[in-house]
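One letter stands for each residue in the lines below.
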Protein chains: 2
Amino acid sequence: MSRTARYTSTDFDEMDKRSRTNLINSLSGYKSANLVGTRSAKGQSNLALISSVFHVGANPALVGLLMRPHTVPRHSLENMIDQGCFTINTVSKAMYQRAHQTAARYPRDQSEFPAVGFEEEYSDTLTAPYVLHSPVRYGLKLVESHTLAVNETVLVVGQIIELLVDQALVSTDGQLDLNAAELVAISGLDEYHVAQSLGRLAYPKA
Amino acid sequence: MSRTARYTSTDFDEMDKRSRTNLINSLSGYKSANLVGTRSAKGQSNLALISSVFHVGANPALVGLLMRPHTVPRHSLENMIDQGCFTINTVSKAMYQRAHQTAARYPRDQSEFPAVGFEEEYSDTLTAPYVLHSPVRYGLKLVESHTLAVNETVLVVGQIIELLVDQALVSTDGQLDLNAAELVAISGLDEYHVAQSLGRLAYPKA
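Keep in mind that this is a model prediction, so the values were computed, not measured.

Criteria and thresholds
Residues numbered from 1 in each chain as written. Chains lettered and ligands numbered in written order. Predicted model: local features only at pLDDT ≥ 70, side-chain atom pairs only at ≥ 80, totals over all residues. Heavy atoms only, no water. 1 Å grid on protein atoms, 1.4 Å probe; cavity = no way out; pocket = protein on both sides within 12 Å on 5 of 7 lines; lining within 4 Å. Points joined across faces, edges and corners; volume = space filled by probe spheres on them. Helix = DSSP H or I, 4+ residues; strand = E, 2+ residues; numbered from the N terminus. Nonpolar A, V, L, I, M, F, W, Y, C, P; charged D, E, K, R; others polar. Buried < 20%, exposed > 50% of the residue type's maximum accessible area, 1.4 Å probe, protein only. Contact = heavy atoms within 4.5 Å. Least-squares fit on C-alpha atoms with pLDDT ≥ 70 in both.

**Student:** Before we go on, may I ask you to explain empty space enclosed by the protein in this structure?
**Tutor:** Gaps between atoms show up when a probe of the same size as a water molecule is rolled over them. Applying the stated rule across the entire model yields five cavities of 30 Å³ or more. Computed from the structure, the largest cavity encloses a volume of approximately 90 Å³. If you go around the largest cavity, you meet 15 residues; those closest to its centre are Val53(A), Lys31(B), Ser32(B), Ser51(B) and Val53(B). Secondary structure elements with two or more residues in the lining of the largest cavity: β2 (31–32) of chain A together with β2 (31–32) of chain B. Here the second largest cavity defines a volume of roughly 50 Å³. Looking at the second largest cavity, the residues that line it are Ser40(B), Gln44(B), Ser45(B), Asn46(B), His75(B), Asn79(B), Pro107(B), Arg108(B), Gln110(B) and Glu112(B). Mapped by element, the contributors of at least two residues to the lining of the second largest cavity are β4 (45–50) and α3 (75–83) of chain B. Each residue belonging to the lining of the second largest cavity can be placed in one class, and the counts come to one nonpolar, seven polar and two charged.

Here it is in structure tokens:
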């Protein structure tokens, strides 16, 4: 029989660092796996795995993401601010091992694209690179950012100015078939999942 | 054979509202399904389904979430600010239909708990209610908030001060087994998914 365990702030403080990191990172549940593509003024491309992309609004089309200075190299954030744009590239089952590898500490003058085996793709709309084989990828212009006082992580909000998507994934009412795209979700720091739909529910009425 | 479709900002503007909402909401991928529990000064409990919970930091233990004024009743946000605390309750397969129903427009003086069939649970640590049958639920104190200039959504950051979890779900290194908990993810506005792990990957090295 299962039993409920209770943890307090003191218990978190007293845990070993690795267990605390795994436990707290697990609490946010299934997280969308995405690669953020940027390019420096010198033309150096950069690719970073991010698990904090969230919906901000549909009209205008906005998404937010959190850049954590202690775990994500600052290059992505510097490039976003310098160029005013970035791409978000969803991660499929066929890509997740390479996507995970982008989190390794590559030297600043080395692009993650060839290092992990992804191909860059450019459009006329923005300077940031797309990941060619990502089934759903979109380009954004930087709209605003906020630095959190509590731990200096940076919230970035972007407006979607271009979307490149496998047409077969778009249903007649606009919903994307994430299962068919074989997109992955992340839990904790290092666990990847595929998903299976339970179906769609009707708009709830009181 | 599949083919890549390209959408621009103009295409988004010209889509019918429902299709645009579904499409843009789908772009953020699999989103963690959570119920936010709050309580007013008068003791009225409130429960709201949120798909924007994200990890902010492990030490101190922090999560963020976005409150969208146009889609989420303001009651939750008002209660958070008034009481300085709230709970986040993960949603399992057994709960997702009731969780979806909390998004209906109930009158302010009616709690979503009895309306959808969830039981309230209180601890000595905070005044906000937990959802008793949620397999992973945690209490937070409000740490900071930021209002986005672009569309007046509100980013809320909370520190986790209590965690109640089925002990069988916690592995020896702290990782939670989200598959065993049968937690669900959301895509778009109304599609729910269960997930299956592909495994954990080693810390990446350059």
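**Student:** Would you mind showing me how to read the side chain of His193(B) here?
**Tutor:** Mapped onto the elements, His193(B) comes out in strand β13 (residues 191–200). Given a relative accessible area of 1%, His193(B) falls into the buried group. Ignoring any residue separated from it by four or fewer positions in sequence, one finds His193(B) in contact with Asn179(A), Ala195(A), Gln196(A), Ser197(A), Leu198(A), Tyr30(B), Leu183(B), Val184(B), Ala185(B), Ile186(B) and Ser187(B).

**Student:** What am I meant to see in the relation of the copies chain A and chain B here?
**Tutor:** Two chain copies here: they are related by a rotation about an axis and a translation along the same axis. Superposition record for chain A on chain B: RMSD 0.0 Å, screw rotation 180°, translation along axis 0.0 Å. Look at the turn and shift together and you get a two-fold axis relating the two. Minimal C-alpha separation from the rotation axis in chain A is found for Ala195(A), amounting to 2.0 Å. Most of the interface of chain A is mirrored in chain B, where 100% of its interface residues are also at the interface.

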